[in-house]
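# Structural features, examined
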Amino acid sequence: MTKMTDISEQDLLKDSRLEQLAVNVIRGLSMDAVQKANSGHPGTPMGLADAAVILWTRFLSFDPEDPQWPDRDRFVLSCGHASMLLYSLLFLCGFDVSLEDLKNFRQFGSKTAGHPEYGHAPGVETTTGPLGQGIANAVGMALAERILASRYNKPGFELFNHWTYVFASDGDLMEGISHECCSLAGHLGLGKLIVLYDDNGITIDGSTSLAYSDNVKERFLSYGWEVQQIYGNDRKQVEEAFAKAKSTVDRPHMIIAKTHIGYGSPHKQDTEKAHGEPLGAEEVKLAKEKLGLPTDIEFFVPEEVIQYFRVFTLKGKRKRYEWLELFKKYSLQYPQEAESLNKALRNELAEGWQDQLPTFPLDKAIATRAASGAVINSIFSKIDSLIGGSADLTPSNNTRPKEVVDITRGKFSGRYIHYGVREHAMASIMSGMALHKGIRPYGGTFLIFSDYMRPTMRLAAMMKLPVIYIFTHDSIGLGEDGPTHQPVEQLTALRAIPNMTVFRPCDATETVEGWKVALARKDGPTSLILTRQALPVLDRSKYAPSIGALRGAYVIADAPQFQVIIIGTGSEVHIALEAQKLLAERNIPARVVSMPSWDLFSNQSSQYKEEVLPSNIRARVAVEAGATLAWAKWVGLEGEIVGLDHFGASAPYKIIYQKFGITPEKVVEAAIRSLERQKRQ
């Protein structure tokens, strides 16, 4: 048998028979895996197989031996339901994905999950499936490449010069997030972003014409993209389109590729029956006959097809070796930049970044959003990887450091991004930058608009991405803007996301601790929940040191032989402290616990949790200007909750708190009720 190293790339480029076989093998694997699992999406992999083979053999630079090589090209399968296309490519190209993994498609514990999951299989650049998320992540990846190239590339040392490729579907482009992210990509001129739009005209319901009649070409031209239209099952047209896209780097590229979903299926091609269900054993047999594949062999992969892909893979391996040699020389000539880059890629913080964290005078109240801004100013010059931004609320979020340079079209050396009124895109682009590595993104908006971002935040938590969300205007305390802007249920919703750290500080000093938490995290996102209204800075000579906040909850003010525990978060800790004084006047000693982060406290030892919330004290009150739904976890059946289970109102914030009963007096009443209930037990 001829060894793959004996075959030249040029010979393979001329071998149309082997190229066609490679395409059809991917179609066969996709049909078989979905059929064996009895669930999945065979049609899109079958329709996109032509384009995928051209991209992965002619253009994409990667090395299966090091899937995280920094200057590799990124490939994002935004239409994550077509996962068998990606898994087939990973297997054929030599990633650590086996034929057995393909046979275990959609099975428990398998690398080949129903939709691509970041961290489960090498070569999967991001978790996709919720449509629109992948293309938005890709914008973040392309932006990260430009930022890092501007920062670290030197004459003769082009450390970052890679492309981001996306396969996107009709559904991706229907989703609202695609409008947000693609508009911004065009505005910024992200020329190393190439999207191939699989225009197969079919969704689950049937023809896209049922609900979709956009002129995609005009839409993307209006965004400032370069647009081509091709027949996507003609590999020559696909190759020419990618080559043309790579010849222009001043704008992103959209290739509208008309394809046939379920290509080769005699009865289900170009129908919704090929989209989201197995073709059926008989149809698989007929499709294989039509494609020239053996009908009596499942998961048919001839050795020559594996050799075909492995020869092209060698090109990426050579590029990686060249890059490693280049970086060695770069490290000698630019040691400071090399050290900075290595730390950024490993998500490590520079030594001494905490040396000049701000302190705050006791005689001046300060909003925690302003305290957060002071922290950003103190650390920004010391953490090179920090890239900030806001969804058109920069002055309100206090996210822009002093004297920072904005990132604009063609000028990517800055460190601040104006996302415009695009909260969802901002969140997903931040995820893309974190996935790319080398950048630690944070972005701000109002807490109420976390609702617009929730799908992306959920995926960020799933992928364990260390992004930082700054949510200001955290409660009815924002006042006059009224109920449309006053969050009620949002804190509970964020706390419900697994692996999301939510931190709501009670004053400026706890805000500093919140930033420590956020920057220390390497395995998930953090939401900092900050006030619009000014809050007193607590005198830590009278109250417990704010470092206790790092454990999620701590006793901020104690009393001998306390009978009741009051738990507060954020601005309501001050109400709890006032209630403690009123209870003392009634000879009812109370302990006050500041609990800025439920999840951090949940992860503490049983011993520590018992120290803070002793189980023998069942008289408890929680106070928070938000939904009471989940607070029973901390106060128990005998406890009381002072909160808000209805929408707010437009008025000065102090009046709203009074009218809605979130006051020290109401906390006192609740404490007495809880004590009486405990005594009756």
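Residues numbered from 1 in each chain as written. Predicted model: local features only at pLDDT ≥ 70, side-chain atom pairs only at ≥ 80, totals over all residues. Heavy atoms only, no water.

The sheet built from five strands is open, its strands ordered E1-E2-E3-E7-E6 with parallel pairing. Both outer strands of the open sheet, strand E1 (74-77) and strand E6 (226-231), are each paired with one neighbouring strand and no more. Going across the sheet, the axis of each strand differs from the next one's by a mean of 15°, ignoring polarity. One ladder, built from four bridges, connects E1 with strand E2 (residues 164-169); its direction is parallel. For Val 76, the partnering residue across the bridge sits in E2 and is Val 166. Helix H9 (residues 216-223) contacts strand E3 (193-199), E6 and strand E7 (253-258) of the sheet and is inclined by roughly 155° relative to E6. (Pairing = 2+ DSSP bridges. Helix = DSSP H or I, 4+ residues; strand = E, 2+ residues; numbered from the N terminus. Axes fitted to C-alpha atoms, helices over the stretch in contact; angles between N-to-C directions. Contact = heavy atoms within 4.5 Å.)

Another aspect to go through is the sheet that holds strand E10 (residues 440-446). Spatially, the six strands line up as an open sheet ordered E9-E8-E10-E11-E13-E12, and their pairing is parallel. On the outer flanks of this sheet lie strand E9 (416-418) and strand E12 (501-503), each paired with one strand and no other. When strand polarity is set aside, the average angle formed by the axes of neighbouring strands in this sheet is 20°. With three bridges connecting them, strand E8 (residues 386-390) and E9 associate as parallel partners. Within the sheet, the bridge partner assigned to Ser 390 lies in E9 and is His 418.

Counting 81 residues, the largest nonpolar core has Trp 515 and Ile 556 as its most contacted members. Residue assignment places this core across two domains, with domain 2 (353-529) and domain 3 (552-680) each supplying three or more. Counting 78 residues, the second-largest nonpolar core is a separate cluster that includes Phe 157, Val 195, Phe 412 and Tyr 469. (Core = buried A, V, L, I, M, F, W, Y, C linked by side-chain atoms within 4.5 Å. Buried < 20%, exposed > 50% of the residue type's maximum accessible area, 1.4 Å probe, protein only. Domains from an automatic or database assignment.)

Examined at the domain level, the chain breaks down into domain 1 (9-318), domain 2 (353-529) and domain 3 (552-680). Each of domain 2 and domain 3 has a C-alpha centre, and the two are 27 Å apart. On the domain 2 side of the contact with domain 3, Ile 476, Arg 495 and Arg 504 bury the most area, a combined 30% of that side's loss. Scanning the region where domain 2 abuts domain 3 turns up three salt bridges. Residues Glu 624 and Arg 504 are paired through a salt bridge, measuring 3.9 Å at the closest nitrogen-oxygen approach. Mapped by element, the contributors of at least two residues to the side of domain 2 that touches domain 3 are helix H18 (490-495), E12 and helix H19 (508-520). Of the residues assigned to the side of domain 2 that touches domain 3, the class counts are eleven nonpolar, seven polar and six charged. (Buried area = accessible area lost by both parts, 1.4 Å probe. Salt bridge = Lys/Arg side-chain N within 4 Å of Asp/Glu carboxyl O. Nonpolar A, V, L, I, M, F, W, Y, C, P; charged D, E, K, R; others polar.)

It is worth spelling out the side chain of Ser 475 at this point. Counting through the fold element by element, Ser 475 comes out in the loop between strand E11 (468-472) and H18. Residue Ser 475 is classed as buried on the basis of its relative accessible area, which comes to 0%. Separated by 3.4 Å, the side chains of Ser 475 and Asp 474 make a polar contact. Only 3.4 Å separates the side chain of Ser 475 from the side chain of Tyr 657, close enough to count as a polar contact. Contacts of Ser 475, omitting those with residues within four sequence positions, involve Gln 486, Pro 487, Arg 504, Gln 533, Ala 625 and Tyr 657. (Polar contact = N/O pair within 3.5 Å; in protein donor to acceptor, adjacent residues only side chain to side chain.)

Under the present numbering, the feature "site: Important for catalytic activity" (unreviewed entry) in UniProt falls on His 41 and His 275. Separation in sequence by 235 residues is not matched in space for these annotated residues, since their most distant C-alpha atoms are only 5.4 Å apart. Summarising the element assignment, His 41 is placed in the loop between helix H2 (16-37) and helix H3 (43-59). Look past the residues within four positions of His 41 in its chain and what remains in contact with it is Val 34, His 81, Arg 106, His 275 and Gly 276. (UniProt positions renumbered as here; feature names shortened; annotations may be inferred.)

With that settled, the discussion passes to unusual backbone geometry. One non-glycine residue, Asn 38, adopts positive backbone phi at about 60°. Mapped onto the elements of the fold, Asn 38 is located in the loop between H2 and H3. Judged by its relative accessible area of 57%, Asn 38 is exposed. For Asn 499, which is not glycine, the phi torsion reads 70° and is therefore positive. Classification of Asn 499 by relative accessible area gives partly exposed; the value is 31%.

We now examine the packing of aromatic side chains. Following the criterion strictly, the structure yields 25 aromatic pairs and no others. Ring centres 5.1 Å apart and planes at 55° place the aromatic pair Trp 56 and Phe 62 in the tilted group. As far as the burial class goes, Trp 56 and Phe 62 line up, both buried. Look at Tyr 442 and Trp 515: their rings are 5.9 Å apart centre to centre, the planes differ by 85°, and that puts the pair in the edge-to-face class. With Tyr 442 in strand E10 and Trp 515 in helix H19, this residue pair connects regions lying 73 residues apart in the sequence. For Trp 515, a relative accessible area of 1% gives the class buried. Each member of the aromatic cluster is reached from another via a ring pair, and the members are Trp 56, Phe 62, Phe 75, Phe 95 and Phe 167. Above the face of the Phe 380 ring, Arg 415 is positioned so that its terminal group lies 3.8 Å from the ring centre. The ring of Tyr 608 carries Arg 551 above its face, with NZ or CZ at 3.7 Å from the centroid. (Phe/Tyr/Trp six-rings, centres within 6.5 Å; stacked < 30°, edge-to-face > 60°. Lys NZ or Arg CZ within 6 Å of the ring centre and 35° of its normal.)

Okay, the pairing of E2 next. Across the six residues that make up E2, a large majority, six, are buried. Every second residue of E2 is oriented toward a common face, with Thr 164, Val 166 and Ala 168 on one face and Tyr 165, Phe 167 and Ser 169 on the other, all of them buried. Of the pairings in the sheet, the one linking E2 to E3 comprises six bridges and is parallel in character. Each residue of the ladder has a partner; that of Thr 164, found in E3, is Leu 193.

At a minimum axis distance of 8 Å, the contact between helix H8 (residues 176-188) and H9 shows a crossing angle of 45°. Taken together, the axes of H8 and H9 are oblique relative to one another. Of H9, the residues touching H8 (which contributes Ser 178, His 179, Cys 182, Ser 183, Gly 186 and His 187) are Arg 219, Phe 220 and Tyr 223. Here the contact of H8 with H9 is composed, by residue class, of three nonpolar, five polar and one charged. (Parallel < 35°, antiparallel > 145°, perpendicular 65-115°, else oblique.)

Three or four residues apart is the spacing at which side chains of an α-helix point the same way, because the helix has 3.6 residues per turn. For H19, which comprises 13 residues, the first-to-last C-alpha distance of 19 Å matches the rise-based estimate of 18 Å (1.5 Å per residue) to within 8%. Across the 13 residues of H19, eleven count as buried, placing the element largely inside the fold. (Expected span 1.5 Å × (residues − 1).)

Bringing the pairing of strand E16 (residues 590-594) into the picture now. Counting buried positions along E16 gives five out of five residues, so the element sits mostly inside the fold. Sheet topology note: the strand E14 (residues 554-557)/E16 ladder contains three bridges and is antiparallel. If you follow Tyr 554 over to E16, its bridge partner there is Ser 594. In the sheet, strand E15 (residues 564-568) pairs with E16 via five bridges, with the strands oriented parallel. From the neighbouring strand, Ile 567 faces E16, where its bridge partner is Val 593.

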